[in-house]
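# Understanding the architecture of this molecule
Here are the chains, one letter per residue:
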Amino acid sequence: MFHTTFYVRRLHSLCGLLVLGMVLFEHIFTNSMAILGPEGLNTALEMMELIPKPIFMGLEIGGIAVPLLFHGIYGIYIALQAKNNPCNYGYIRNWNFALQRWTAWFLVVFLIWHVGYLRFYVKGITGTPISFELLQNFFQSPIVVVLYVIGMFAAIFHFCNGITTFCMTWGITKGPRSQKVISIISMLLCAGMCLMTLIFMGSYFIY
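A brief look at the structure comes next. Bear in mind that the values here come from a model prediction, so they are computed numbers and not experimental data.

### A short note on the overall build of the protein
Along the backbone of the protein there are seven helices and zero strands. The globule rule puts the C-alpha radius of gyration for 207 residues at 17 Å, and the 18 Å found for the protein is close to it. Each principal axis of the C-alpha atoms in the protein carries an extent, and together these give about 50 × 35 × 25 Å. The burial tally for the protein puts 37% of its 207 residues in the buried class. The long-range share in the protein, meaning contacts at least 24 apart out of those at least 6 apart in sequence, stands at 77%.

Dropping the structure here:
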C-alpha cells in the first residue's frame with residue numbers, strides 16, 4: 001500500500017532542511033561581507049548579479065520559492081494538527097516542539113514582509129539594486145531592526161531544530177543518546193548563526 005502521508009512528510013522535511021538551509025547560509029554569508037564595509041557587501045552582491053537572469057530566476061522560482069511554498073503550506077497543515085504533549089516528550093523537547101510551530105507561524109508573516117518589500121517592491125518594481133547603503137537606510141528604524149533580528153533568529157532556530165527532527169524522521173538517529181547528541185550540535189549551530197547575524201547587523205551601524 002502506498003502511504004502518501006509518509007512520503008509527503010519526508011519530502012516536507014527534506015525541502016525544509018535543504019532549501020531553508022541553503023537560503024539561510026547564503027543570506028548569512030552574503031550579509032557577513034558587511035563586516036568589511038560597503039565595498040565588501042556591494043562586491044558580494046554584484047557577483048550574484050553576474051548570474052544570467054533566466055538562470056537566476058529559475059533558481060529563485062524552482063529552487064527556492066516552490067519548495068519553500070510547499071514546506072510552508074504543508075507545515076501550516078501540520079501545525080494546525082499538532083498538540084504539545086508533555087507526557088510523551090521531555091521538557092526541553094516539548095519546548096522545542098512548540099517553538100518549531102510558533103517560529104513557523106512567525107516566519108510566514110516575516111517572509112511575506114521581508115521578501116515582499118526588498119525582493120518584489122524595491123528590486124522588482126522600483127528596479128533599485130540591493131546595496132549596503134540601501135540596507136543601512138532600511139535598518140534606520142529600530143522597529144525594522146527588531147523585527148528583522150527576531151525573524152532571522154526564528155528562521156535559524158526553525159532550521160537548526162529541524163535538523164534534529166529531520167534525523168528522527170529519516171531514522172538517522174534512532175536512540176535517545178544519538179538524538180540528544182544531534183540536538184546539542186544543532187543548538188550550537190543555532191547559537192553560532194545567531195551570533196553571526198548580530199555581528200553583521202552591527203556593521204550597518206558602525207560604517
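### A short note on the layout of surface pockets
Here the second largest pocket defines a volume of roughly 220 Å³. Around the second largest pocket sit Met-48, Glu-49, Ile-51, Lys-53, Phe-56, Met-57, Glu-60, Arg-119, Lys-123, Gly-127, Thr-128 and Pro-129, which together line it. Considering every element that reaches the lining of the second largest pocket, the biggest residue donor is helix H3 (residues 53-81), with four residues. Residues that form the lining of the second largest pocket fall into these classes: five nonpolar, two polar and five charged.

### Describing H3
When the terminal C-alpha atoms of H3 are compared, their 40 Å separation across 29 residues agrees well with the 42 Å that a helix rising 1.5 Å per residue should span. When the local axis directions of H3 are compared, the greatest deviation, roughly 30 degrees, occurs at Ala-65, which is followed within four positions by the proline Pro-67. Restricting attention to buried positions, one finds in H3 the residues Phe-56, Pro-67, His-71, Tyr-74, Gly-75, Ile-78 and Ala-79. Check the buried side of H3 and you find it contacts helix H1 (4-32), helix H2 (38-49), helix H4 (91-125) and helix H6 (142-169).

### Re the nonpolar core
General note: in soluble globular proteins, nonpolar side chains tend to be found buried as a group. Counting residues in each nonpolar core, the largest one holds 35 residues, and the members touching the most others are Leu-24, Phe-139, Ile-156, Met-201 and Tyr-204. Here the element with the most residues in this core is H6; it accounts for 13 residues. Residues contacting Met-201, with those up to four places away along its chain left out, are Phe-139, Val-145, Tyr-148 and Val-149.

### Quick look at the side chain of Ser-32
Mapped onto the fold, Ser-32 is located in helix H1. The buried category is assigned to Ser-32, whose relative accessible area is 12%. If we skip the residues at most four places from it in the chain, Ser-32 touches Met-196 and Phe-200.

Quick notes on the rules
Residues numbered from 1 in each chain as written. Predicted model: local features only at pLDDT ≥ 70, side-chain atom pairs only at ≥ 80, totals over all residues. Heavy atoms only, no water. Helix = DSSP H or I, 4+ residues; strand = E, 2+ residues; numbered from the N terminus. Rg over C-alpha atoms; globule rule 2.2 N^0.38 Å. Buried < 20%, exposed > 50% of the residue type's maximum accessible area, 1.4 Å probe, protein only. Contact = heavy atoms within 4.5 Å. 1 Å grid on protein atoms, 1.4 Å probe; cavity = no way out; pocket = protein on both sides within 12 Å on 5 of 7 lines; lining within 4 Å. Points joined across faces, edges and corners; volume = space filled by probe spheres on them. Nonpolar A, V, L, I, M, F, W, Y, C, P; charged D, E, K, R; others polar. Expected span 1.5 Å × (residues − 1). Bend = angle between axes of the 7 residues up to and from the residue. Core = buried A, V, L, I, M, F, W, Y, C linked by side-chain atoms within 4.5 Å.

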